[in-house]
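Descriptive structure summary
Residue strings, one per chain:
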Amino acid sequence: MRKPRLLIVDDEIPFARNLVWLLSRRDYEVEAVYDGASALRSIEEQEFDVVILDLKMPGMDGIATLKELKKKRPDTEVIILTGYASVDSALDGLKLGAYDYATKPLQLSDLEEKITQAYERKRLLE
Amino acid sequence: MHEPDLHRRSYTKLFRRFILVSVTCSVLPLLLVGWVSYLYYSQFSMSRVGAYFQRQVEYNRRIVESFLEERTADVKLVAFTHSFGFLTDQSNLREVFHVLNREGAYFTDLGVIGTTGRYISYIGPYDLMDKDYSVTPWFKEVMAKGVYISDMFMGYRKTPHFIIAVLVSKGETTWILRATIYTEFLSSLIETTRLGKTGEVFLVNREGVYQTSPRFNGKIMDTAALVMDSFTGESGLRIIDSVKPAESLAPEKGIPIADLIKYGLMQTKSEQIVAYSWLRRPDWLLVVKQDFSEVFGDINHVNTAILVLLHASILAILVVSVLTARYMIKVIKKRDIEAEGLNRQLIQASKLATIGELAAGVAHEINNPLAVILTTSQVVRDLSEDEKDLHVEFKDQLDQSLSQIDAQVQRCSHITQNLLRLARRIGAESRFVDLNVALKHVVGLLEKRASSSGVQMSIDLQEDLPRLCTFPFELEQVFLNLISNAIDAHEGKPYGSIHITAQFDGSTNGLVTTVADTGSGIPAEDLSRIFDPFFTTKPVGKGTGLGLSISYSIVRQMGGDISVRSESGKGSEFTVWLPCSGPEQDGMEGASGKEGLDEKAPAAHSG
């Protein structure tokens, strides 16, 4: 089974780049963008299996990005990342169709597990 | 609970002020009304009594004067309507005498006396025909005035009597018709007047000699213990001291009363009210007197009653004022203490809210760099794994360092999570929770840790406690914090104990949980800050100082209260009170969360 195609959407550039580097080494196809608008452009141009989406971003925040993303790519699974550790806002995301949420800082292994589960769900629903 | 120091002096001042105001506003008018009533009543009573006495004296005076005027008129009528020759006939005189006494036995005797002063004819019980009256005072008076009523005198008959004498001059004949008045009859006119137990009516002459027998202390012809000079004017009303001879004087010494009065040898018996009136003729004083105490006895009783009532009312007002003031001060003190307590809680809650909001912002800002550190650490780890030529020691040291970085990131993450819990409102849905189950669960979680620290845990949970409508996870978090702190309090001690109790408090309709330990206790100066965020008595690295703040915040959001008693070196006891009615919920947010310990509570009302 191929590894899922991932899109990292986070305004924290060093964090996004680290994730890209680490996940690439683990045979994921992964890209990173640093704002919501760029994320929407990317998903229009190509399909991603799982989007790792930060909630708090300048301009278009994670929830707004999620809403638009789900309109354009309803099949794409989204994992919400949040440094706020607020269950409330993360659960808002779940209600809008996100698959799961994780709080920063997170272990890479935990993130990988969530990515795998999200991808399996996507494959089941296809 | 201690009285706020700030208010201690003001309570005393307030108490005094209240007493002053209430006493002034109620006692002064009462005193005024009372005294005015008393004075008015006294005055009124006095004037009524005075008027009554004056009426008595006037009444008796008129009776006596009428009697004497009628008798004088009788004698004058006989004298002027009968001739000398007629009246000097014994049988005629007898006839006239009987006529005079027909209406009443007014006259004792009747006689015609010549200018020589001797009886010419006489009807009466005494042998007086050979008596010479020419040098007697009455003879001289009648010869001078024509009509004369004498004072009482003994005369030849050696018995008190008085006479009415009329001088008649017809032509060359001059003679005197003299009649002796029946003394008892005169006395009977006034002696029948009874005024209570101490009242009396009598007549005295200008020298103070009794013309009638007084009811008390004397008899006719005795000298009355009266200062005659004081009876001025035609009539009057006096209050005098009733006097008697000094006790040191033997009564048989027979010293005249006038001398005793003159030389101040009388002593006061009692005060008396005296009404008097001078007769026109003769020169007698009619006296009506009565003991002051008897006259005003009833009035005095009423006055005394008024005064007693007045003073009793004042006393009652004072007592009620004091008691009311005390009660009000007590209520005020209680309110002040409650207000201070609420204020403290408000300050604490504000502190927490401010810190919570700050903490939330800080936590979020820190979590991102932590995520960068963690992922960068992971990158370095990956790179080091790729390098096969790395020296073993170097690789080991690198691994250790990276592990240390990961551990510290987790530690920071733990701190930020706690900070965020401080700011976070607790869950959206309350559930019915069995407190005992929650406590037992927490005790189970910490049993091993306690045991390894040499601390023995015991529980005493009241059976069948009412279930709480609250937030189960947060509830357990509170007790986790408290019991965890209790275990940590035994650090450095070889053994200790933690006793946990739970019971229902009917008076407050709440559940009271206590966690008491035998640990190191909390210094007194730290007790007021124990719930402050970041305040900790643990060594650096051992605690964040947020556990009790979070517990406090959770309990307050549940509608409860948390307090502590502690003694340094002996241990601490935390008390958590939670209402059985459940916390107020206004616009709670968030998801339902995972399934709780018990079934869901009914949906809370949102405001």
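See above for the structure.
Residues numbered from 1 in each chain as written. Chains lettered and ligands numbered in written order. Predicted model: local features only at pLDDT ≥ 70, side-chain atom pairs only at ≥ 80, totals over all residues. Heavy atoms only, no water.

**Quick word on the overall build of chain B**
Where we set the bar: Helix numbers and strand numbers start at the N terminus; a helix is a DSSP run of H or I with at least 4 residues, a strand a run of E with at least 2. Buried, partly exposed and exposed residues are distinguished by accessible area as a fraction of the type maximum, computed with a 1.4 Å probe on protein chains only: under 20%, between the cut-offs, and over 50%, respectively. Any two residues having at least one pair of non-hydrogen atoms within 4.5 Å are treated as being in contact. All accessible areas in this document rest on Shrake-Rupley with a 1.4 Å probe, and a residue is counted as covered only by the protein chains that are shown.
Counting its secondary structure elements, chain B contains 12 helices and 16 strands. By residue count, 41% of the 607 residues in chain B fall in the buried class. Considering only contacts within chain B whose residues lie at least 6 apart along the sequence, 66% involve residues at least 24 apart. If you sum the accessible surface of chain B, you get close to 32400 Å²; carbon and sulfur atoms cover 56% of it.

**Some thoughts on the packing of helix α10 (residues 435-452) of chain B against helix α11 (residues 472-488) of chain B**
Angle between the axes and distance between the axes: these two values describe a pair of packed helices. All names here are of chain B. Rules: Every angle, taken between N-to-C directions, lies between 0 and 180 degrees, and every axis is a line fitted to C-alpha atoms, over only the stretch in contact when it is a helix. Crossings are classed by handedness, with left-handed meaning an anticlockwise turn of the near helix from the far one by less than a right angle and right-handed meaning a clockwise turn. Note that Gly is not counted as nonpolar here; it falls among the polar residues with everything else outside the nonpolar set of Ala, Val, Leu, Ile, Met, Phe, Trp, Tyr, Cys and Pro and the charged set of Asp, Glu, Lys and Arg.
Look at α10 against α11: their axes get within 9 Å of each other, and the N-to-C directions meet at 35 degrees. As α10 runs across α11, the sense of the crossing is right-handed. Counting all contacts with α10, which are made through Leu435, Ala438, Leu439, His441, Val442, Val443, Leu445, Leu446, Arg449 and Ala450, the residues of α11 involved are Leu475, Glu476, Phe479, Leu480, Ile483, Ser484, Ile487 and Asp488. Considering only residue class, the contact of α10 with α11 consists of 13 nonpolar, 2 polar and 3 charged.

**Let's talk about the interface of chain A and chain B**
What counts here: Accessible surface is computed with a 1.4 Å probe, and the buried area is the amount of it that two parts give up when combined, taken over both parts together. Just to be clear on terms, a salt bridge is a Lys or Arg side-chain nitrogen sitting within 4 Å of an Asp or Glu carboxyl oxygen. Any pair of nitrogen or oxygen atoms within 3.5 Å is treated as a polar contact; in protein, a donor-acceptor pairing is required on top of that, and neighbouring residues in sequence qualify only through side-chain atoms on both sides.
Between chain A and chain B, the contact holds 20 residues from the first and 24 residues from the second. Buried area between chain A and chain B, summed over both chains or domains, comes out near 2100 Å², and the portion from carbon and sulfur atoms is 60%. Taken together, the connections running from chain A to chain B amount to 4 salt bridges. Among the ionic pairs, Lys56 of chain A bridges to Glu365 of chain B, the shortest N-O distance being 4.0 Å. The interface formed by chain A and chain B includes 7 residue pairs in polar contact (both at pLDDT 80 or more). Among the elements of the structure, α1 (13-25) and α4 (87-95) of chain A are those that each provide at least two residues to the side of chain A that touches chain B. Considering every element that reaches the side of chain A that touches chain B, the biggest residue donor is α1 of chain A, with 7 residues.

**A few points about the sheet that holds strand β16 (residues 571-579) of chain B**
All names here are of chain B. Rules: Paired strands, as defined in this entry, are two strands with at least two bridges between them according to DSSP.
The strand order across the open sheet built from 5 strands is β11-β13-β14-β16-β15, with neighbouring strands paired in mixed fashion. Since the sheet does not close on itself, it has two edges, and those belong to β11 (455-461) and β15 (561-567), each with one partner. Direction aside, neighbouring strands of the sheet carry axes that sit 15 degrees apart on average. Where β11 meets strand β13 (residues 496-505), 7 bridges bridge the pair, whose relative direction is parallel.

**With respect to the sheet that holds strand β5 (residues 173-181) of chain B**
Residue and element names in this part refer to chain B. Pairing within the open sheet is antiparallel, and its 5 strands lie in the order β2-β1-β5-β4-β3. Strands with a single pairing partner mark the edges of an open sheet, and in this sheet they are β2 (119-123) and β3 (147-149). Averaged over neighbouring strand pairs, the angle between their axes works out to 15 degrees when direction is ignored. For β3 and strand β4 (residues 162-170), the ladder comprises 3 bridges, and the chain directions are antiparallel. Of the residues in β4, the one forming a bridge with Val147 is Val166. Across the sheet, helix α4 (residues 137-145) is in contact with β1 (107-114), β3, β4 and β5; its angle to β4 comes to roughly 40 degrees.

**Points about the pairing of β13 of chain B**
Residue and element names in this part refer to chain B. Pairing of β13 with strand β14 (residues 510-517) involves 8 bridges; the strand directions are antiparallel. Within β14, the residue paired with His499 across the bridge is Ala516. Two successive antiparallel strands, β13 and β14, enclose a turn made up of 4 residues, where Asn509 displays a positive phi of approximately 50 degrees.

**A short note on the packing of aromatic side chains**
Two aromatic rings, taken as a pair, are described by how far apart their centres are and by the angle between their planes. Residue and element names in this part refer to chain B. Rules: To pair, rings of Phe, Tyr and Trp, with the six-membered ring standing in for Trp, must have centres within 6.5 Å; the planes then decide the type, stacked if under 30 degrees apart, edge-to-face if over 60, and tilted in the middle.
A complete count under the given rule lists 17 aromatic pairs over all chains for this structure. Between Trp138 and Phe139, the ring centres sit 5.8 Å apart and the planes meet at 85 degrees, which makes this aromatic pair edge-to-face. Taking relative accessible area as the criterion, Trp138 reaches 3% and is therefore assigned buried. Relative to Tyr276, the ring of Phe231 lies with its centre 4.9 Å away and its plane at 75 degrees, an arrangement referred to as edge-to-face. On the criterion of sequence distance, the pair formed by Phe231 in the loop between β6 (200-205) and β7 (235-245) and Tyr276 in strand β8 (residues 266-278) is long-range, its members being 45 residues apart. For the pair shown, Phe231 and Tyr276 are each scored as buried.

**Describing unusual backbone geometry**
Look at the link from Lys104 of chain A to Pro105 of chain A: it is a cis peptide, with omega at -10 degrees. Residue placement: Pro105 of chain A occurs in the loop between β5 (100-103) and α5 (108-125). Cis peptide bonds are those with omega within 30 degrees of zero, and the linkage from Arg281 of chain B to Pro282 of chain B qualifies with 0 degrees. Among the structural elements, Pro282 of chain B can be located in the loop between β8 and β9 (284-291). Residues other than glycine seldom take positive phi values, yet Asp27 of chain A does so here, at roughly 70 degrees. Summarising the element assignment, Asp27 of chain A is placed in the loop between α1 and β2 (29-33). Looking at Asp27 of chain A, the relative accessible area reads 61%, which means it is exposed.

**Digging into the packing of α11 of chain B against helix α12 (residues 547-557) of chain B**
Residue and element names in this part refer to chain B. Orientation of α11 relative to α12, taken along the N-to-C sense of each, is 145 degrees, at an axis distance of 9 Å. By crossing handedness, the relation of α11 to α12 is classed as left-handed. Residues Glu474, Gln477, Val478, Asn481, Leu482 and Asn485 of α11 pack against Gly547, Leu548, Ile550, Ser551, Ile554 and Val555 of α12. Within the contact of α11 with α12, the residues separate by chemical class into 6 nonpolar, 5 polar and 1 charged.

**Describing helix α3 (residues 90-100) of chain B**
Operational definition: By construction, the arc corresponds to the directions joining the helix axis to the C-beta atoms.
For α3 of chain B, the set of buried residues is Leu93, Val96, Phe97 and Leu100 of chain B. Take α3 of chain B and look down its axis: the buried residues cluster within an arc of 105 degrees, on one side only.

**Structural notes on the side chain of Thr72 of chain B**
All names here are of chain B. Tracing the sequence through the fold places Thr72 in helix α1 (residues 5-81). On the basis of relative accessible area, Thr72 is assigned to the buried category, the value being 2%. Beyond its immediate sequence surroundings of up to four residues, Thr72 is in contact with Val147, Ile149, Ile164 and Arg281.

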